[in-house]
Amino acid sequence: MSTTLLLARHGQTVWHAENRYAGISDVALTDTGFAQAEALGHWAAAHPVDAIWTSPLSRAVLTAAPACRALNLTPHTEPALRECDFGVVEGRTLAEFGTENPGAAEAFRTDPVAHAFPESEDPLAAAERGSAALHRIAAAHPGQRVLIVAHNTLLRLVLCRSLGIPLSEYRRVFPGLRNAAVSELRVQGETVALLSLNVPCGAES
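Residues numbered from 1 in each chain as written. Predicted model: local features only at pLDDT ≥ 70, side-chain atom pairs only at ≥ 80, totals over all residues. Heavy atoms only, no water.

Draft legend 1. Local environment of the environment of Gly91. Residue position: Gly91 is located in the loop between β3 (76–77) and α3 (94–100). On the basis of relative accessible area, Gly91 is assigned to the buried category, the value being 17%. Placed 62 residues apart in sequence, Gly91 and Thr153 show a C-alpha to C-alpha distance of 15 Å. In contact with Gly91, not counting residues within four places along its chain, are Trp15, Arg20 and Tyr21. (Helix = DSSP H or I, 4+ residues; strand = E, 2+ residues; numbered from the N terminus. Buried < 20%, exposed > 50% of the residue type's maximum accessible area, 1.4 Å probe, protein only. Contact = heavy atoms within 4.5 Å.)

Draft legend 2. The arrangement of the pairing of strand β2 (residues 51–54) in detail. A two-sided burial pattern is seen for β2, the buried positions comprising Ala51 and Trp53 on one face and Ile52 and Thr54 on the other. As judged from the 4 bridges shared by β2 and strand β4 (residues 145–150), these two strands associate in the parallel manner. Bridge pairing links Trp53 to Ile148 in β4. Bridge count between β2 and β3: 2 bridges; the pairing is parallel. Bridging across to β3, Trp53 finds its partner in His76. (Pairing = 2+ DSSP bridges.)

Draft legend 3. Expanded view of the sheet that holds β4. One open sheet holds the 6 strands; their spatial order is β3-β2-β4-β1-β5-β6, and the pairing between them is mixed. Lying at the two open borders of the sheet, with one neighbouring strand each, are β3 and β6 (191–199). Strand contacts of helix α2 (residues 58–71): β1 (3–9), β2 and β4, with the helix running at about 170° to β2, the strand carrying the most contacts. (Axes fitted to C-alpha atoms, helices over the stretch in contact; angles between N-to-C directions.)

Draft legend 4. A look at the packing of aromatic side chains. This structure, assessed with the given rule, holds 5 aromatic pairs. Measuring from ring centre to ring centre gives 5.2 Å for Tyr21 and Phe117, while their planes differ by 75°; the resulting arrangement is edge-to-face. Highlighted residues: Tyr21 in the loop between β1 and α1 (31–46) and Phe117 in the loop between α4 (102–110) and α5 (123–140), separated in sequence by 96 residues. Pair check on accessibility: Tyr21 and Phe117 agree, each one buried. Considering the side-chain rings of Phe97 and Phe117, the 5.4 Å spacing of their centres and the 80° angle between planes classify their relative orientation as edge-to-face. Pair noted here: Phe97 is in helix α3 and Phe117 is in the loop between α4 and α5, with a separation of 20 residues, a long-range link. Residue classification places Phe97 among the buried residues on the basis of a relative accessible area of 1%. Feature note: the residues Tyr21, Phe86, Phe97, Phe108 and Phe117 constitute an aromatic cluster, connected by ring pairs. (Phe/Tyr/Trp six-rings, centres within 6.5 Å; stacked < 30°, edge-to-face > 60°.)

Okay, here's the thing in structure tokens:
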């Protein structure tokens, strides 16, 4: 029996406009981010959703809150859905890091897995923990539809890991997930199929 996972990135944060790496930093949502969360809640109310899981970071929890209210569901928190730790680049932009260390920045652009940021979480480990979390959630909800609110880099790594795409390609294949947009996966055992990607929550599925 398959499970449908509806993956959503959290709403816009105060670091979004400057494209700063938030990572494990607990960054606040903007007014736009809260509006995106409300739109996701309306979308969830109009589509069958049986359970909601979130990262423990507040930007994910708050993005899921309107959907939880609309569906009268209590969210489950999964620590393994947290964003990657970006090490020395937390709170900074890639351009700022490049000014300080141009060689390391260029190596990251070339292969962000083999040349991850200094002191950051190993992307391979992040992909494994995120993928394992998705499979645990799917196993806990056979035949159901589950909304999962998490983070841009983690979800892109997990998508690559789940679909057999080299992790080093995550920035090229998935340039970015839109805030509060929905990507749909069908999980059956170890088999994962991507049914839709980056669908705005105001659009019909």
